[in-house]
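Spelled out from the first residue to the last, the chains are:
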Amino acid sequence: MHDVSLPVARVLIDSPLPQLDRLFDYAIPREFDALAQPGVRVKVPLRSAGRVVEGFLVERAVAEEGGRPLSEIEDVVSSVPVLTPDLYRLVRRVADRAAGSAADILRLAIPKRMVRAEKVWLASETPEAPRIDETVREWARMRLSGFPGLDEAMRADARIALDAPPHPVRLPAGDDIGAWAELLAALAIDTLARGRTAVVVVPDHRDRAQIEEALAGRVPLAAVVRHDAAQSSPARYAAYLRTLAEAPCIVVGNRSAVYAPARDLGLVAIWDDGDPLLGEPLSPGVHARDAALLRQELEGGALVFAGHTRTTDVERLVAVGWVRDLPARRRVGARVVLSATREGESRGTRVPSTAYAAAREALAHGPVLVQVSRPGYAPILVCAECRHPARCRHCAGPLHARGPGTVPVCTWCGRSAHAWRCSDCDSDRVRMASSGSERTADELGRAFPGTRVIVADGDHPVQRVDDRPALVVATRGGEPIARGGYRAVILLDGDRMLMADDLRIGESCLRWWSNAAALAAPGAPVHLVGVTGAVARALATWTQPAYARAELADRLPLRMPPTVRVAALSGARRSVDTALQKLREDVPELDAEAILGPVDGEDGARALVRFDYARGARVAESLRASVVSDAVSGRRPPRGKGQVRRNTLRVRVDVPDLEL
């Protein structure tokens, strides 16, 4: 039995096992008393596993008289308190809301320890509070003055939704960036000038680079901290250690940056929250938007959702009064033209005469952007006789062509389909059912002889193009920035994009098209080809929030997200049934239509649970208890059996729409 006079450490063990998602008490030996402070990494024995594991010392306590014997801490890994109290409260709250483990979120929030980077940080001087020139402060205030009431809302730590101006701007250094990046940079600078930390969360490195360019020359280099999973491990850990300092800074990064610690958080800004890159694929799968909402509630500071479009998630928060919509003083939209085929033109004409004429006229002045849905040459092949999709004989994957006259290749396994024959009609001929970026570039190159053609997609990444005439064929999301903006934008394949099997496909298309339109020079035409209906009208009138409101109204009677929350249960049929039965007992208000399934499949059973936001805490608590119970029972072999049953019950709350 340990000495009762020894202090006690309450440790969160770094383990994926759900039954270990709680604080364990360990005695602190006298030799570790000075080092074992809240927030440090420690090594502790795990009796059930008979081994030593790592964890975080969350808090210290005093041993109780007559208490049970406690094991002692084996070692203090590092004296640096990397887990702040605010971060632990946030992680615990986020995990409980998502019916997940706090340790899983901490792996995303706190980078792996790098000894050399840590030694450099300990030996370096304490960062000083950055100084912002008065001219820069005035510049930031001028940029924010375009939104009446924004300055007051920021100082009141409000939750705000902003529609960013859809046009590029010229930096003093000579490069162009989106006006949205300059707006978020102004928000961050204004926050930093008030002595508080700003966290700016963006989907990818292209967006991050624009924010950094907008900050360059206006904020001291040391005050801008990059928080990016693509960084090297030492650089990422060094950046995390910088955010632990008392001196305020501006953190710019991807989805995990939302957890970056800050002594005095003044702003969390999220750009384009509809981008799927802001959704965390790893368990428990918490979206950066939801983590930011919880953080603002716990720590204060302003919260800003900005974009060229409005997601239904944010619009729902605006409707219930949780987020405040701040319109711009002067409403600015892109000049959108709905291009349809004219009389005499074939309905299959890919580029109608109106869009063709606009491109030809614009090419006399500068670059023209052509957005397509897919990369490659011919992403989809079908049988030339019966139009049946061409499939690989080995894995049944879809076939595509890398170029004109080339042998079809399987998209899944990469095998070449020599001597392919259709499984339905036995034909040996294929035809292209769609045009990718490369084929479109070939077609436009022939239509506009002597014009530069630039392909920008996943295989050919392009960040910027100059202001000389060129046709830039880009896939959605891969559009480069043109100096001075594009003189025209042609949006192709809109009808194909809208046919995708996705609940939010209209919302996604509107986001893709709006982001592309925002790259056009002021007054330049944006032609949306072959699309009509509500999405096209929202783009043409630049009323994206109204489209989001209409979507919410349509989903409400169907009880589809985000009007309700949805949790998915999967695993062995018995485990799923048991969890659903317990959920009925714990939350009896759930009606008969709240649970869909379970449905048996190859990997077990799956069920969906739809519930109101007000019941979210109780539903998550019940589902989490079922996961823990299933994991614990899985450790005990059935009577007469020597084999341990594996834990199979999996729960995900707030399921992405693609998984519904």
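Before reading further, recall that the structure is shown in the block above.
If you're wondering where the values come from, they're calculated on a predicted model, not measured in any experiment.

Trainee: It is not clear to me how the overall build of the chain should be interpreted in this structure. Could you clarify?
Mentor: Counting its secondary structure elements, the chain contains 18 helices and 30 strands. Expected size for 660 residues packed as a compact globule is a radius of gyration near 26 Å; at 28 Å, the chain falls within 12% of this value. When the backbone C-alpha atoms are referred to their principal axes, the chain occupies close to 95 × 70 × 50 Å. Considering only intrachain contacts with a sequence separation of at least 6, the fraction spanning at least 24 residues in the chain is 71%. Here the chain has roughly 30,300 Å² of accessible surface; of this, 51% comes from carbon and sulfur atoms. One way to put it: in the chain the 90 positive side-chain charges average out to a point 2 Å from where the 84 negative ones average out.

Trainee: Is there a simple way to explain the side chain of Q231 in this structure?
Mentor: Within the secondary structure layout, Q231 lies in the loop between β10 (224–227) and α8 (233–243). A distance of 2.9 Å separates a polar side-chain atom of Q231 from the backbone nitrogen of D228.

Trainee: Looking at this model, I keep getting lost on the packing of aromatic side chains. Mind explaining?
Mentor: Aromatic ring pairs are reported here in terms of the distance separating the ring centres and the angle at which the planes meet. Taken as a whole and judged by the stated rule, the model has two aromatic pairs. Ring centres of W180 and W271 lie 4.2 Å apart, and the angle between their planes is 10°; this geometry places the pair in the stacked category. Residue W180 is found in helix α6 (residues 179–193), and its partner W271 is found in strand β12 (residues 265–271); the two are separated by 91 residues along the sequence. Residue class for W271 comes out buried when judged on its relative accessible area of 3%. A centroid spacing of 4.9 Å and a plane angle of 25° characterise the contact between Y356 and F448, whose relative ring orientation is stacked. Of this pair, Y356 sits in helix α11 (residues 353–362) while F448 is found in the loop between α12 (437–447) and β21 (453–456), placing the two residues 92 residues apart along the sequence. Y356 sits in the partly exposed class, given a relative accessible area of 28%.

Trainee: What's the story with the sheet that holds β12 in this structure? I'm lost.
Mentor: To summarise the sheet geometry, strands pair through backbone hydrogen bonds and adopt either a parallel or an antiparallel arrangement. Pairing in this open sheet of seven strands is parallel, and the strands run β10-β11-β9-β12-β13-β6-β14 from one edge to the other. With partners counted over all chains shown, the strands left at the sheet margins are β10 and β14 (324–325), one partner each. Two elements, strand β9 (residues 197–201) and strand β11 (residues 250–253), share four bridges in a ladder whose sense is parallel. Directly across from V200, in β11, lies its bridge partner V252.

Trainee: How do you make sense of the environment of T411 when you look at a structure like this?
Mentor: Structurally, T411 can be placed in the loop between β19 (409–410) and β20 (430–432). Given a relative accessible area of 44%, T411 falls into the partly exposed group. In this structure, the C-alpha to C-alpha distance between T411 and P127, residues 284 residues apart in sequence, is 51 Å. Ignoring any residue separated from it by four or fewer positions in sequence, one finds T411 in contact with P398, L399 and H400.

Trainee: Help me understand the sheet that holds strand β27 (residues 565–571) in this model?
Mentor: Pairing is antiparallel in the open sheet, where four strands are placed in the order β28-β29-β27-β30. Only two strands of the sheet have a single neighbouring strand rather than two, namely β28 (595–601) and β30 (650–653). With direction set aside, neighbouring strand axes in the sheet form an average angle of 15°. On top of the sheet, helix α17 (residues 573–586) reaches β27, β28 and β29 (604–611); it is set at about 170° to β28, its chief contact.

Trainee: In this structure, what is going on with the pattern of salt bridges? I would like to understand it.
Mentor: Pairing between side chains of opposite charge can happen when their charged atoms approach one another. Inspection of every chain in the model, using the stated rule, returns 50 salt bridges. The partner of R511 in a salt bridge is D275, with the nearest N and O atoms 3.7 Å apart. With R511 in helix α14 (residues 505–517) and D275 in the loop between β12 and α9 (288–299), this pair connects stretches of sequence that are 236 residues apart. A relative accessible area of 7% places R511 in the buried class.

Trainee: Just to check I follow, could you spell out α14 for this structure?
Mentor: Residue pairs spaced three or four apart in an α-helix point in one direction, given the helix's 3.6 residues per turn. The end-to-end C-alpha separation of α14 is 18 Å, in line with the 18 Å expected for 13 residues at 1.5 Å each. Most of α14 sits out of view: 12 of its 13 residues are buried. Within α14, the full set of buried residues consists of I505, G506, E507, S508, C509, L510, R511, W512, W513, S514, A516 and A517.

Trainee: Teacher, can you tell me more about the packing of helix α4 (residues 134–144) against α6 here?
Mentor: When two helices pack together, you describe them by how their axes are tilted relative to each other and by the distance separating the axes. Contact pair α4 / α6: the axes reach a minimum separation of 9 Å and the direction vectors enclose 130°. Classed by the angle they form, the pair α4 and α6 counts as oblique. In this structure, the crossing between α4 and α6 has a hand that is left-handed. Contacts between α4 and α6 involve V136, R137, W139, A140, R143 and L144 on the former and, on the latter, E182, L183, A186, L187, I189, D190 and A193. When its residues are assigned to classes, the contact of α4 with α6 shows nine nonpolar, no polar and four charged.

Trainee: Looking at this model, I keep getting lost on the pairing of strand β26 (residues 525–529). Mind explaining?
Mentor: Walk down a regular strand and you will see the side chains alternate between the two sheet faces. The element β26 is extensively covered by neighbouring structure, given that five of its five residues are classed as buried. Note: strand β15 (residues 335–339) against β26, five bridges, orientation parallel. Directly across from S339, in β26, lies its bridge partner V529.

Trainee: Where do I start with a negative patch on the surface in this structure?
Mentor: A cluster of acidic residues, E31, E72, E74 and D75, forms a negative patch at the surface. For E74, a relative accessible area of 44% translates into the label partly exposed.

Conventions and cut-offs
Residues numbered from 1 in each chain as written. Predicted model: local features only at pLDDT ≥ 70, side-chain atom pairs only at ≥ 80, totals over all residues. Heavy atoms only, no water. Helix = DSSP H or I, 4+ residues; strand = E, 2+ residues; numbered from the N terminus. Rg over C-alpha atoms; globule rule 2.2 N^0.38 Å. Contact = heavy atoms within 4.5 Å. Areas by Shrake-Rupley, 256 points an atom, 1.4 Å probe, with all protein chains shown as cover. Lys, Arg positive; Asp, Glu negative; His and termini not counted. Charge placed at Lys NZ, Arg CZ, Asp CG, Glu CD. Polar contact = N/O pair within 3.5 Å; in protein donor to acceptor, adjacent residues only side chain to side chain. Phe/Tyr/Trp six-rings, centres within 6.5 Å; stacked < 30°, edge-to-face > 60°. Buried < 20%, exposed > 50% of the residue type's maximum accessible area, 1.4 Å probe, protein only. Pairing = 2+ DSSP bridges. Axes fitted to C-alpha atoms, helices over the stretch in contact; angles between N-to-C directions. Salt bridge = Lys/Arg side-chain N within 4 Å of Asp/Glu carboxyl O. Expected span 1.5 Å × (residues − 1). Parallel < 35°, antiparallel > 145°, perpendicular 65-115°, else oblique. Left-handed = near helix turned anticlockwise from the far one by under 90°. Nonpolar A, V, L, I, M, F, W, Y, C, P; charged D, E, K, R; others polar. Patch = residues over 30% accessible without salt bridge, like charges linked within 9 Å, V, L, I, M, F, W, Y side chains within 5 Å.

Shape is all these values report; function is a separate question.
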